[in-house]
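# Topology and contacts: notes
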Amino acid sequence: MTQPTDIRRVPSTFRPFRVLDAYCCIGGGTEGYRRAFRNCRITGVDIEPQPDYRGDDFHQGDAITFILAHGHEFDFIHTSPPCQGEGAPTKGTNAARNAAIGRTYPQLIAPTRAALETTGRPYVIENVPGSEVRKDVRLCGEMFGLAVLMHRYFELGGWTTVQPVHPRHRGRVRGWRHGEWHEGPYVAAYGKGGGKATVPEIRAAKGIDWSTDHLRLREALPPAYTEWIGGAYLAALAPALGAAA
């Protein structure tokens, strides 16, 4: 006889479900997984100090090095390699500008994937359109009724799920485009000036209420995205959690 399984609960009742959020920033992704997994302990890793990090533990250091050394200790791993220069529309522009000021952003998706594969753990790699991440799932703020579009792709390692329906956008992103002002239901949560979103607007649009850092708020994932990813993972795992009597 198969016992009913609550797929909103993580599989272990003896210890918290261990989640690693690599390249975590302030923990927008962390907060979503906390909502999805509930009985969990989440560790964030980032090369920069993150005083506003949302999780339980934080390690400042190189994410790939940490994954190689400790990734196998976690039950689920999320990664969001920095996307500066990754998006196809801006690769050339970003490369030229960054070279001019002596700034470099290494391409991190392939080495991150290679590190994740050594762990044997289910994982996610999140990145922007035009990046080299595999396009298993695409999420958009409109799917969750958010005031930000922010299309992001998710590569799934060791598990699969179906692509959710992408609803039609309700209008334009508010701001200046080619010298013309446009109103719309979405704010531009990137850059400054030209009608770009303020700190309060980004906090409201993304559902992030624990930071006021404009740059990090712009970079952070809306928690709704990883709450959906976490729920999809638990749904995919549910058949294996049924106990035969």
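What counts and what doesn't
Residues numbered from 1 in each chain as written. Predicted model: local features only at pLDDT ≥ 70, side-chain atom pairs only at ≥ 80, totals over all residues. Heavy atoms only, no water. Buried < 20%, exposed > 50% of the residue type's maximum accessible area, 1.4 Å probe, protein only. Helix = DSSP H or I, 4+ residues; strand = E, 2+ residues; numbered from the N terminus. Arc of directions from axis to C-beta. Salt bridge = Lys/Arg side-chain N within 4 Å of Asp/Glu carboxyl O. Pairing = 2+ DSSP bridges. Axes fitted to C-alpha atoms, helices over the stretch in contact; angles between N-to-C directions. Contact = heavy atoms within 4.5 Å. Parallel < 35°, antiparallel > 145°, perpendicular 65-115°, else oblique. Left-handed = near helix turned anticlockwise from the far one by under 90°. Core = buried A, V, L, I, M, F, W, Y, C linked by side-chain atoms within 4.5 Å. Phe/Tyr/Trp six-rings, centres within 6.5 Å; stacked < 30°, edge-to-face > 60°. Lys NZ or Arg CZ within 6 Å of the ring centre and 35° of its normal.

Most of helix α1 (residues 28–37) sits out of view: eight of its ten residues are buried. By the burial criterion, the buried members of α1 are Gly28, Gly29, Thr30, Glu31, Gly32, Tyr33, Ala36 and Phe37. Where α1 terminates, the next one or two residues include arginine 38, which has phi positive at roughly 60 degrees.

A few words now on helix α5 (residues 199–206). Listed as buried for α5 are Val199, Ile202, Ala205 and Lys206. Down the axis of α5, the smallest arc covering the buried residues is 135 degrees, so these residues share one side. Summarising the geometry of α5, the exposed residues directed more than 90 degrees from the buried face are Pro200 and Ala204.

Moving on: the pattern of salt bridges. Where charged atoms from two side chains of opposite charge approach closely, those side chains can pair. Using the criterion set out here, one finds 15 salt bridges in the structure. By sharing partners, the salt bridges in this structure join Glu31, Arg34, Arg35, Arg54, Asp56 and Glu227 into a single network.

In space, the seven strands of this open sheet follow the order β3-β2-β1-β4-β5-β7-β6, with mixed pairing throughout. Looking at the sheet topology across the chains shown, the edges are occupied by β3 (57–60) and β6 (137–139). Going from strand to strand, the sheet's axes swing by 20 degrees on average, the running direction of each strand aside. The sheet contact formed by β6 and strand β7 (residues 152–157) spans three bridges and is antiparallel. Across the sheet, residue leucine 139 finds its bridge partner in β7, namely arginine 152. Against the sheet, α1 contacts β1 (17–22), β2 (40–46), β4 (76–79) and β5 (123–127), and its axis sits at roughly 165 degrees relative to β2. Against the sheet, helix α4 (residues 109–119) engages β4, β5 and β7, with an angle of about 170 degrees to β5.

Turning to the packing of helix α2 (residues 63–70) against α4, a few remarks are in order. For the pair α2 and α4, the least separation of the axes is 8 Å and the interaxial angle reads 10 degrees. In terms of their interaxial angle, α2 and α4 are classed as roughly parallel. The two elements α2 and α4 cross, and the hand of that crossing is left-handed. Of α4, the residues touching α2 (which contributes Ile64, Ile67 and Leu68) are Pro111, Thr112, Ala115, Leu116, Thr118 and Thr119.

Moving on: the pairing of β5. Judged by how many residues are buried, β5 sits mostly within the fold: five of five residues are covered. Pairing of β4 with β5 involves three bridges; the strand directions are parallel. Opposite threonine 79, over in β5, you have isoleucine 125 as the bridge partner. As judged from the five bridges shared by β5 and β7, these two strands associate in the antiparallel manner. Residue pairing across strands places asparagine 127 opposite tyrosine 153, the latter belonging to β7.

Moving on, we come to the nonpolar core. With 45 residues, the main nonpolar core has Phe37, Phe76, Val124, Phe154, Trp159, Ile229 and Tyr233 as its most contacted residues. The set of elements that each furnish at least two residues to this core consists of β1, α1, β2, β6, β7, α5 and α7 (223–241). When residues in this core are grouped by element, the largest group, seven residues, is from α7. Look past the residues within four positions of tryptophan 159 in its chain and what remains in contact with it is Phe76, Pro122, Tyr123, Val124, Ile229, Ala232, Tyr233 and Ala236.

Here the structure, examined in full by the defined rule, presents twelve aromatic pairs. Centre to centre, the rings of tryptophan 176 and tryptophan 181 are 5.5 Å apart; their planes meet at 70 degrees, and the pair counts as edge-to-face. For tryptophan 176, a relative accessible area of 47% corresponds to the partly exposed category. By relative accessible area, tryptophan 181 is classed as partly exposed at 33%. Among the aromatic residues, ring-to-ring pairing joins Phe17, Tyr33, Phe37, Phe76, Trp159 and Tyr233 into one connected group. The ring of tyrosine 153 has lysine 135 lying over it, and the distance from NZ or CZ to the ring centre is 5.5 Å.

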